[in-house]
Amino acid sequence: MKCRKCGATAAINMRHHRLALCASHYLEWIPEQTQRTIEHYRMFSLSDQVLVAVSGGKDSLGLWDVLDRLGYQTAGVYIGLGIDGGVRYSDQSLARCRAFAGARRLKLHTVDVPTELGASIPEAARLTHRGQQKPCSVCGLTKRHVMNRVALEAGVDVLATGHNLDDEVAVLFGNTLSWSTGYLARQAPVLEARPGFVRKVKPFCRLMERETAAYAVLRGIDYIYDECPFAEGATNLTHKDLLNRLEADRPGAKLSFYLSFLRARQTGALLLPGAAEAESDLHACVTCGQPTTAPGECTYCRTRRRIHEKREQRSR
Amino acid sequence: MPATLILREKQYEVRHGMTVRDALLRLDILPETVLPTRQGELITDDVLLQDGDVIRLIAVISGGADGA
């Protein structure tokens, strides 16, 4: 197969775009597509300060690379989750983020969850019995809380995450199966800032996971290849598998599903009674001040308090 | 001599002469979930497997809390 732009041997073929590109044209195409997404959804401008949430993986480091190359003012935030899994997973992830930032002279904020929360993510899940043997629930909760706090403290205009099309479609599929209208109401390429919440954007939301991986490989980004030790059996991987089977049969099905959803959401074709009210009904957490849906402490602060209580009980 | 496909710690042998895509589908590996490489270079999945080819597959799917 030949590159559509120059006729050289293609490095990747994107069946849903009917487009094959060589390595050098692909490395131009990804930043162009990302810039189009940023402009289409009015995510941010060159004068904005962008904080990129990085995990050491292909998506987040690829995103940071692209935004830096496009001339945006960026810094990164890495959240150390204290996951070992026999492979020193968090240590390896941090090392890659530090090497990436150091080579480009970019600022990297780091947060150590075991220090902040009082326990690593796997320990927190065990101590609080959240997530039925899987720490993914407490992990997601902690990352959202910490990312928002760091972004607010750093005074940035926007927080960018490396969510790709496969991530977005898997979440959409899961929320559609359970008809979770509240979550569907909040799923978008841009989540506008509200009191206590930084503006959040997903510039890779129209790129497939395969495309972001190809970019990282061709760009020579040293990302953590190993899967999170706790990801095996995760529900969103099951959904991704189902959707990839559909995509193999019908190229473009994932992108079409996502874009159709966004159009329906924008035009009001999706009826989500009560979702807007739930959005506006937020309270400040009495401990940390971040917004929460119920009066009193937010879930993160409750989790942290329970961890400390459990630790005290065990030390008696 | 067959062609070899390697994905993480697993090795698969397939007969040469078929495309990478056909080999993946025969092995029940979804083409959307991997990037095939030969001698360190990304290749497209219409490439015909040659006698003795070693194709390393880069897994691209990640998951967990929110995939970030």
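Given the structure is predicted, the values throughout are model-derived calculations rather than measurements. (Residues numbered from 1 in each chain as written. Chains lettered and ligands numbered in written order. Predicted model: local features only at pLDDT ≥ 70, side-chain atom pairs only at ≥ 80, totals over all residues.)

1. Considerations on helix H3 (residues 89-104) of chain A
Residue and element names in this part refer to chain A. Given a rise of 1.5 Å per residue, 16 residues ought to cover 22 Å, and the 23 Å separating the end C-alpha atoms of H3 matches this to within 8%. All buried positions along H3 are accounted for by Tyr-89, Ser-90, Ser-93, Leu-94, Arg-96, Cys-97, Phe-100 and Ala-101. Each buried residue of H3 sits inside an arc of 160 degrees when the element is viewed along its axis, so together they form one side. Facing away from the buried side of H3 by more than 90 degrees, the exposed set consists of Gly-102 and Ala-103. For H3, the secondary structure elements touched by its buried residues are strand S3 (49-54), helix H2 (58-69), strand S4 (73-80) and strand S5 (108-112). Arg-105 occupies a position one or two residues after H3 and carries a positive phi of about 55 degrees. (Helix = DSSP H or I, 4+ residues; strand = E, 2+ residues; numbered from the N terminus. Expected span 1.5 Å × (residues − 1). Buried ≥ 20, exposed ≤ 12 C-beta atoms within 10 Å, placed from the backbone. Arc of directions from axis to C-beta. Contact = placed C-beta atoms within 7 Å.)

2. Here we look at unusual backbone geometry
Residue and element names in this part refer to chain A. Positive phi values are uncommon outside glycine, yet Arg-42 reaches one of about 50 degrees. Within the secondary structure layout, Arg-42 lies in the loop between helix H1 (23-40) and S3. Positive phi values are uncommon outside glycine, yet Arg-88 reaches one of about 50 degrees. You can see Arg-88 is positioned in the loop between S4 and H3.

3. A closer look at the interface of chain B and chain A
Contacts between chain B and chain A engage 19 residues on the former and 37 residues on the latter. Classifying every residue of the side of chain B that touches chain A gives nine nonpolar, six polar and four charged. (Nonpolar A, V, L, I, M, F, W, Y, C, P; charged D, E, K, R; others polar.)

4. Some remarks on the packing of H1(A) against helix H9 (residues 209-219) of chain A
All names here are of chain A. The N-to-C vectors of H1 and H9 enclose an angle of 120 degrees; their axes lie 10 Å apart at closest approach. Considering the angle they form, H1 stands oblique to H9. Every pair of crossing elements has a handedness; the one defined by H1 and H9 is left-handed. For the pair H1 and H9, the contacting residues are Ala-23, Tyr-26, Leu-27 and Ile-30 in the first and Glu-211, Ala-214, Tyr-215, Leu-218 and Arg-219 in the second. The residue makeup of the contact of H1 with H9, split by class, is seven nonpolar, no polar and two charged. (Axes fitted to C-alpha atoms, helices over the stretch in contact; angles between N-to-C directions. Parallel < 35°, antiparallel > 145°, perpendicular 65-115°, else oblique. Left-handed = near helix turned anticlockwise from the far one by under 90°.)

5. Thoughts on the sheet that holds strand S7 (residues 190-191) of chain A
The strands making up a sheet are joined through hydrogen bonds of the backbone, oriented either antiparallel or parallel. Residue and element names in this part refer to chain A. Sheet architecture is open: six strands sit in the order S5-S4-S3-S6-S8-S7, paired in mixed fashion. Every interior strand has two partners, whereas the edge strands, S5 and S7, have only one. In terms of strand pairing, strand S6 (residues 158-160) meets strand S8 (residues 200-201) through two bridges, oriented parallel. In the sheet register, Leu-159 faces S8, and the bridge partner there is Lys-200. Across the sheet, helix H6 (residues 136-154) touches S3, S4, S5 and S6, and the angle it forms with S4 is around 140 degrees. (Pairing = 2+ DSSP bridges.)

6. A look at helix H5 (residues 121-128) of chain A
All names here are of chain A. Among the residues making up H5, those that are buried are Ile-121, Ala-124, Ala-125 and Thr-128. The arc that holds every buried residue of H5, seen down its axis, measures 100 degrees, which confines them to one face. Packing partners of the buried residues in H5 comprise helix H4 (113-117), H6 and helix H13 (299-315). Looking one or two residues beyond H5, the residue adopting positive phi is His-129, at roughly 55 degrees.

In short, the description is geometric, and any link to function would need to be established separately.
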